[in-house]
Amino acid sequence: QMQLIESGGGLVQPGGSLRLSCTASGDTHLFRIYAMAWFRQTPGKERELLATISASGGVPFYTPSVKGRFSIAKHNANNTMYLQMNSLNPEDTAVYYCAASTRFQYTTRPAEFDRWGQGTQVTASS
């Protein structure tokens, strides 16, 4: 199987930026044919879809709450996906997860993502 590991989370001041990475390991040859996504989750809430990207690294999709602030990228050459987060505010504080769709090369449906990383904490606070 292919495994996913997030990194890059941490503490940032409001208005600041962070860049999250999601690196695939194991059966990395599958990375290039999987649609990918970023989610986040806070205690007591379901995971929220933030952004998706096609297997080839195109057709980005963003939920309205992050559109214009966050950007997603997928680099198949090094089996890594990124989430650039700008203008962070305390409401962005959450555990951020990367996910892959093992059955679709393009989808924006949360339920179609079925392979998950372990998550990385992002805290926007002064």
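Reading the values: rules and limits
- Residues numbered from 1 in each chain as written.
- Predicted model: local features only at pLDDT ≥ 70, side-chain atom pairs only at ≥ 80, totals over all residues.
- Heavy atoms only, no water.
- Buried < 20%, exposed > 50% of the residue type's maximum accessible area, 1.4 Å probe, protein only.
- Helix = DSSP H or I, 4+ residues; strand = E, 2+ residues; numbered from the N terminus.
- Pairing = 2+ DSSP bridges.

### So, the pairing of strand β9 (residues 94–101)
- In terms of burial, β9 is a largely internal element, seven of the eight residues being buried.
- Pairing geometry for strand β4 (residues 35–41) and β9, over seven bridges, is antiparallel. The residue bridging Phe39 from the neighbouring strand is Tyr97, located in β9.
- Looking at chain direction, β9 and strand β11 (residues 120–124) are connected through three bridges and run antiparallel. In the strand pairing of β11, Ala94 is matched with Val122.
- The pairing of β9 with strand β10 (residues 115–116) spans two bridges and is antiparallel. What sits directly across from Ala100, in β10, is Arg115.

### What about the pairing of strand β3 (residues 18–26)?
- Relative to β3, strand β1 (residues 2–7) runs antiparallel, the two sharing six bridges. Paired with Glu6 across the bridge in β3 is Cys22.
- In the sheet, β3 pairs with strand β8 (residues 80–85) via six bridges, with the strands oriented antiparallel. Each residue of the ladder has a partner; that of Leu20, found in β8, is Leu83.

As far as function goes, none of this settles anything; it's purely spatial.
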